[in-house]
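Per-entry structural report
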Amino acid sequence: MHISIIAVGKIKEKYLQQGIDEYLKRLSAYAKVNMIEVKEEQAPEELSQAEMEMVKEKEGERILSQIKQDQVIVALAIEGKGMSSEGLAAQMERWGTYGQSNLAFVIGGSLGLDKRVLNRANLLLSFSKMTFPHQLMRLILLEQIYRAFRINRGEPYHK
């Protein structure tokens, strides 16, 4: 399986990068995983709704330029479908079984994802109704992908 994580912005916190590196190392036994960072649009703290949409559009263009035609796109979105770890594992197993083994998980910037990215997605996935920092979501996502592989292989880890 080939998995891309397309994310807006760079990881600045050393502790997050260490966690991400650890899960990338663990995942290497199960899949080819690559991280693709796209530039975060600089914007002032206070934005009008129109300015927010412009920021999301620019980031969305950068995200869409990284998506390949044959990829199954999973966009992380608060309004998406909630799943258990077992549910994500089962969905990933189904994609693999039906020849859809090129996945891309998309994490937007602090304002979320552009509607074109959401429309391109095969699945909108919500980890919670809570808001998490988009940098932290990379680590959480990688841990859940790793957990999914362990569940699907019946390997100890999932509790």
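**Focus: the sheet that holds strand 3 (residues 72-82)**
An order of 2-1-4-3-5 is seen for the 5 strands of this open sheet, with the pairing classed as parallel. Both outer strands of the open sheet, strand 2 (32-38) and strand 5 (123-126), are each paired with one neighbouring strand and no more. Direction aside, neighbouring strands of the sheet carry axes that sit 30 degrees apart on average. Bridge count between strand 3 and strand 5: 5 bridges; the pairing is parallel. From the neighbouring strand, Val74 faces strand 5, where its bridge partner is Leu123.

**A few points about the pattern of salt bridges**
A side chain with one charge may pair with a side chain of the opposite charge, provided their charged atoms come close. Throughout the structure, instances matching the rule amount to 10 salt bridges. A salt bridge links Glu22 to Arg26; its shortest N-O distance comes to 3.0 Å. Residue Glu22 and its partner Arg26 are both found in helix 1 (residues 14-27); the two are separated by 4 residues, about one turn of the helix. We note a salt bridge from Lys56 to Glu53, for which the minimum N-O separation is 3.5 Å. Here Lys56 pairs with Glu53, and both are found in helix 2 (residues 49-64), just 3 residues apart, close to one helical turn. In this structure Lys56 comes out as buried when scored by relative accessible area, which is 16%. Residues participating in the shared-partner salt-bridge network are Lys10, Glu37 and Arg138.

**Comments concerning the packing of helix 3 (residues 85-97) against helix 5 (residues 134-153)**
Packed helix pairs are specified by the crossing angle of their axes together with the interaxial distance, meaning the distance between the axes. Two elements in contact, helix 3 and helix 5, have axes whose closest approach is 8 Å; the angle formed by their N-to-C orientations is 75 degrees. In terms of their interaxial angle, helix 3 and helix 5 are classed as roughly perpendicular. Contacts between helix 3 and helix 5 involve Ser85, Glu86, Leu88, Ala89, Ala90, Met92 and Glu93 from the first element and Gln144, Ile145, Arg147, Ala148, Phe149, Ile151 and Asn152 from the second. Across the contact of helix 3 with helix 5, the residue classes break down as 8 nonpolar, 3 polar and 3 charged.

Calculation criteria
- Residues numbered from 1 in each chain as written.
- Predicted model: local features only at pLDDT ≥ 70, side-chain atom pairs only at ≥ 80, totals over all residues.
- Heavy atoms only, no water.
- Pairing = 2+ DSSP bridges.
- Helix = DSSP H or I, 4+ residues; strand = E, 2+ residues; numbered from the N terminus.
- Axes fitted to C-alpha atoms, helices over the stretch in contact; angles between N-to-C directions.
- Salt bridge = Lys/Arg side-chain N within 4 Å of Asp/Glu carboxyl O.
- Buried < 20%, exposed > 50% of the residue type's maximum accessible area, 1.4 Å probe, protein only.
- Parallel < 35°, antiparallel > 145°, perpendicular 65-115°, else oblique.
- Contact = heavy atoms within 4.5 Å.
- Nonpolar A, V, L, I, M, F, W, Y, C, P; charged D, E, K, R; others polar.

Interpretation note: all reported values are geometric properties and have no functional meaning in isolation.
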